[in-house]
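# Structural description and commentary
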Amino acid sequence: MPSTQPIRIVLKDLEDLRDLGDHMAELHGELIDAATGKTVDYGCFMVSVQPAFAARSTLVFDAIEPPAPAQQMEQSGTWSAFHEDGLSAGCYVVIAAVPGYALAGERIELREGELRSGLRIALHKQAVVRGKVLDATGQPVVGASLFAVGIGELADAHLAAWSTFKASEQDPSARDPSFTPIAGYTASDGSFVIDQIPPGLPLRLVARHDRKGFVVAPLAALRAGEELADFDLRLPSH
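Residues numbered from 1 in each chain as written. Predicted model: local features only at pLDDT ≥ 70, side-chain atom pairs only at ≥ 80, totals over all residues. Heavy atoms only, no water.

Now for the overall build of the protein chain. From N to C terminus, the protein chain includes one helix and 14 strands. Relative to its 238 residues, the protein chain shows a buried fraction of 40%. Counting every atom, the protein chain has about 13200 Å² of accessible surface; 51% of that belongs to carbon and sulfur. (Helix = DSSP H or I, 4+ residues; strand = E, 2+ residues; numbered from the N terminus. Buried < 20%, exposed > 50% of the residue type's maximum accessible area, 1.4 Å probe, protein only. Areas by Shrake-Rupley, 256 points an atom, 1.4 Å probe, with all protein chains shown as cover.)

Moving on to the sheet that holds strand 8 (residues 145-149). Spatially, 9-8-11-12 is the arrangement adopted by the four strands of the open sheet, whose pairing is antiparallel. This sheet does not close on itself; its edge strands, each paired only once, are strand 9 (183-185) and strand 12 (213-219). The mean inter-strand angle of the sheet, taken between neighbouring strand axes irrespective of direction, is 20°. Bridging between strand 11 (residues 203-209) and strand 12 involves seven bridges; their strand directions are antiparallel. (Pairing = 2+ DSSP bridges. Axes fitted to C-alpha atoms, helices over the stretch in contact; angles between N-to-C directions.)

The subject of this paragraph is the sheet that holds strand 3 (residues 82-87). Spatially, 3-1-6 is the arrangement adopted by the three strands of the open sheet, whose pairing is mixed. If you trace the sheet from one side to the other, it starts and ends with strand 3 and strand 6 (115-123), each paired once. Strand after strand, the sheet turns through a mean of 25° between neighbouring axes, direction not considered. Inspection of the sheet shows strand 1 (residues 25-33) paired to strand 6 by seven bridges, in the parallel sense. Across the sheet, the residue bridging to L31 is I121, located in strand 6.

Our next topic: helix 1 (residues 153-163). Along helix 1, the residues that are buried comprise L154, A155, H158, L159 and W162. Each buried residue of helix 1 lies within a common arc of 140° when the element is viewed along its axis, so the set occupies one face. Those residues of helix 1 that are buried lie in contact with strand 8, strand 11 and strand 12. (Arc of directions from axis to C-beta. Contact = heavy atoms within 4.5 Å.)

Attention shifts here to the pattern of salt bridges. Here the structure, examined in full by the defined rule, presents seven salt bridges. In this structure, R116 engages E114 in a salt bridge whose closest nitrogen and oxygen atoms are separated by 2.9 Å. For R116, a relative accessible area of 26% puts it in the partly exposed group. Residue R204 is joined to D156 by a salt bridge in which the shortest nitrogen-to-oxygen separation is 2.9 Å. (Salt bridge = Lys/Arg side-chain N within 4 Å of Asp/Glu carboxyl O.)

Next up on the list: unusual backbone geometry. Here the phi dihedral of F45 falls at roughly 70°; this positive angle occurs in a residue that is not glycine. Of note in this structure, Q196 is not a glycine but carries a positive phi near 60°. The class of Q196 is buried, set by a relative accessible area of 17%.

With respect to the secondary-structure elements, R107 resides in strand 5 (residues 104-110). For the buried R107, no salt bridge is present, and the opposite-charge side chain at shortest range is E109, 4.7 Å distant. In terms of polar contacts, R107 uses its side chain to reach the backbone carbonyl oxygen of F53, at 2.6 Å. Within polar-contact distance, the side chain of R107 engages the backbone oxygen of A54 at 3.2 Å. Dropping the residues within four chain positions of it, R107 is found in contact with A52, F53, A54, A55, R56, V60, A63, C91, Y92 and V93. (Lys, Arg positive; Asp, Glu negative; His and termini not counted. Polar contact = N/O pair within 3.5 Å; in protein donor to acceptor, adjacent residues only side chain to side chain.)

This is how it looks when you write it as structure tokens:
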């Protein structure tokens with residue numbers, strides 16, 4: 001027989017940092033300029049929290065489950081702090097993508113119902129790589145996609161999946177082989193600019209084209225604010 005006793009649910013405001021009421025796990029924090037220590041305001045979609053794999057790579061974004069394509073509604077305004085709620089227990093990465101700064105990611109393990117506040121995500125000045133993608137004959141490749149991956153078994157598995165990937169053959173609603181937020185495309189002259197690269201991390205830069213091939217090049221750790229020019233990539237002949 002159904003119970004006739006009332007169910008009492010206690011709610012609180014999202015920005016309330018007290019561990020009160022009935023809530024799932026929460027994350028609260030702010031973005032900090034690594035050089036000055038000052039709080040950095042940010043706009044819509046610049047901070048997100050994504051589930052992550054247990055496996056690791058030198059690049060934290062390699063461990064993020066690639067999200068399915070989806071439309072999002074943009075909000076105007078800026079924020080000085082982030083408040084993420086409704087999270088289940090598990091592993092997450094807080095991503096901060098603020099123009100002019102390197103992409104930042106902090107890995108966090110949450111317990112059931114845990115409220116984690118006082119997070120400070122440090123933002124470093126971005127590194128930038130410029131170059132061209134050429135085909136086997138030395139001609140510029142238009143519309144090649146580029147992205148960065150880290151080093152480790154997880155990153156190697158992603159590269160294996162990308163090596164046979166054909167964007168033209170995929171369902172538009174399908175997920176990519178891996179999450180690649182550090183990315184770009186070649187222009188009409190084959191040139192590219194990849195920005196928001198985190199400093200101090202050795203990476204690998206991938207260039208791929210459905211018809212013209214796939215290549216992976218090691219990218220040495222760059223300094224904050226460093227710009228590397230003439231980093232040309234040549235796709236192999238088929």
